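Remarks on the overall topology
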Amino acid sequence: MKNIIQVKNIKIGEGTPKICVSMVGKTTEELVEEASFLQELDPDIVEWRVDFYEHVENIQSVKDTLSELQPILNEKPLIFTFRSLKEGGEKEISMDYYVALNKAVAETKHVDFIDVELFNDEKDVVALIGAAHAQNVRVIMSNHDFDKTPSKEEIINRLRRAQELGGDLPKIAVMPNCSEDVLTLLDATITMHEKYADRPIITMAMAGKGVVSRLSGEIFGSAVTFGAAKTASAPGQIAVNELRQTLNLLHRQLE
């Protein structure tokens, strides 16, 4: 039986895929407004894409903003993500700063997950996992390919590697260049889920062709899907209300 990850009142890996929405504000004021707006949408999980934040290179500013966001988000699990430029993010920082930033944020106890990109130096990845777990913060071990969809075998290898390194939620997002690429992603997902995973996983194909992968996680084995609030943080995200209606429709057919 797969382990279920419970964070606050949310059980990841059980029932319908949990809906995560990203905050992409550039200023503290914009982020506070976003966090308040998200309370109306009521997603299961919130992600702060801190690479959009104008003061991301000042750790104290990041911590101060977190302190303002935490009481607004209240019981919503919060993911802290600095997405690197090479994986679709807004800007680049040094690896030393990436490690220091994530460690400092984990120590605040204001986040439930940090996102660590798989394709970094292994010693840095392992250090970040250890630092997060020491603070009872879980790790989403992620990989994003905005150019193509790797082979089924490669997708599975990356997810298995994320699991072996200690990522609590292995995640991969790929870009389909044809319909067959979406099938490759879904085939890899169900094989990983059924044969290799001992924890929930997150997979998606991006852009319009990949929308079906954001809807069918309960069938193929992806435990979290990303929806859009005012601004999408990745191509192909669906508005939260539409996403929830479709997920619930599929869930009822599976009961």
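Note that the structure is a prediction, hence the values are computed from the model and not measured.

Our next topic: the pattern of salt bridges. All told, the structure shown has 13 salt bridges when counted by the stated rule. The closest approach of N and O atoms between D42 and K76, which form a salt bridge, is 2.3 Å. Here D42, found in the loop between α1 (28-41) and β4 (45-49), pairs with K76, found in the loop between α2 (59-73) and β5 (78-81); they are 34 residues apart in sequence, far enough to count as distant. Here D124 ties to K123 by a salt bridge, and the two come within 3.5 Å at their closest N and O atoms. Looking at K123, the relative accessible area reads 58%, which means it is exposed. Salt bridges sharing common partners tie together R83, K86, D115 and E117.

Moving on: the UniProt feature "active site" (unreviewed entry) in the protein. When the UniProt feature table is mapped onto this chain numbering, "active site" (unreviewed entry) sits at H144 and K171. These annotated residues cover 28 residues of sequence, and their C-alpha atoms lie no more than 8.4 Å from one another, placing them together at a single site. Along the chain, H144 falls in strand β7 (residues 138-145). In this structure the side chain of H144 is engaged in a polar contact, spanning 3.5 Å, whose partner is the side chain of R83. The residue K171 is located in strand β8 (residues 169-174) in this model. By relative accessible area, which is 6% here, K171 ends up buried. Not counting residues up to four positions away in its chain, the partners in contact with K171 are R83, I140, M141, S142, N143, H144, L159, I202, M204 and F226.

The next thing to look at is the UniProt feature "binding site: 3-dehydroquinate" (unreviewed entry) in the protein. In the UniProt entry, the feature "binding site: 3-dehydroquinate" (unreviewed entry) is given for S22, E47, W48, R49, R83, R214, S233 and Q237. Following the sequence through the fold, S22 ends up in strand β3 (residues 18-23). Assessed through its relative accessible area of 4%, S22 is described here as buried. In terms of polar contacts, S22 uses its side chain to reach the side chain of E47, at 2.4 Å. By the element assignment, Q237 lies in the loop between β10 (224-228) and β11 (238-239). The class for Q237 is buried, based on a relative accessible area of 13%.

Moving on to the packing of aromatic side chains. By the definition in use, this model includes three aromatic pairs. Summarising the aromatic geometry, the rings of W48 and Y53 are spaced 5.4 Å apart at their centres and angled 65° between planes, so their arrangement reads as edge-to-face. Given a relative accessible area of 1%, Y53 falls into the buried group. Cluster of aromatic residues (ring-pair linked, three or more members): W48, Y53 and F80. Over the ring of F226 we find K171; its NZ or CZ atom is 4.4 Å from the centre of that ring.

This next bit is on unusual backbone geometry. Of note in this structure, D42 is not a glycine but carries a positive phi near 55°. With phi around 65°, A207 is a residue other than glycine that occupies positive phi space.

This brings us to the pairing of strand β6 (residues 113-117). Burial analysis of β6 places five of its five residues in the buried class, the great majority of the element. Direction of pairing for β5 relative to β6: parallel, over a ladder of two bridges. In the sheet register, I79 faces β6, and the bridge partner there is F113. Handedness of the β-α-β unit built from β5, helix α3 (residues 95-108) and β6 comes out right-handed. Note that β6 and β7 share five bridges and pair parallel. Looking at the pairing, E117 lines up with S142 of β7. For the handedness criterion, the β-α-β arrangement of β6, helix α4 (residues 122-134) and β7 is classed as right-handed.

About the cut-offs
Residues numbered from 1 in each chain as written. Predicted model: local features only at pLDDT ≥ 70, side-chain atom pairs only at ≥ 80, totals over all residues. Heavy atoms only, no water. Salt bridge = Lys/Arg side-chain N within 4 Å of Asp/Glu carboxyl O. Helix = DSSP H or I, 4+ residues; strand = E, 2+ residues; numbered from the N terminus. Buried < 20%, exposed > 50% of the residue type's maximum accessible area, 1.4 Å probe, protein only. UniProt positions renumbered as here; feature names shortened; annotations may be inferred. Polar contact = N/O pair within 3.5 Å; in protein donor to acceptor, adjacent residues only side chain to side chain. Contact = heavy atoms within 4.5 Å. Phe/Tyr/Trp six-rings, centres within 6.5 Å; stacked < 30°, edge-to-face > 60°. Lys NZ or Arg CZ within 6 Å of the ring centre and 35° of its normal. Pairing = 2+ DSSP bridges. Right-handed = clockwise from strand over helix to strand, strands pointing away.

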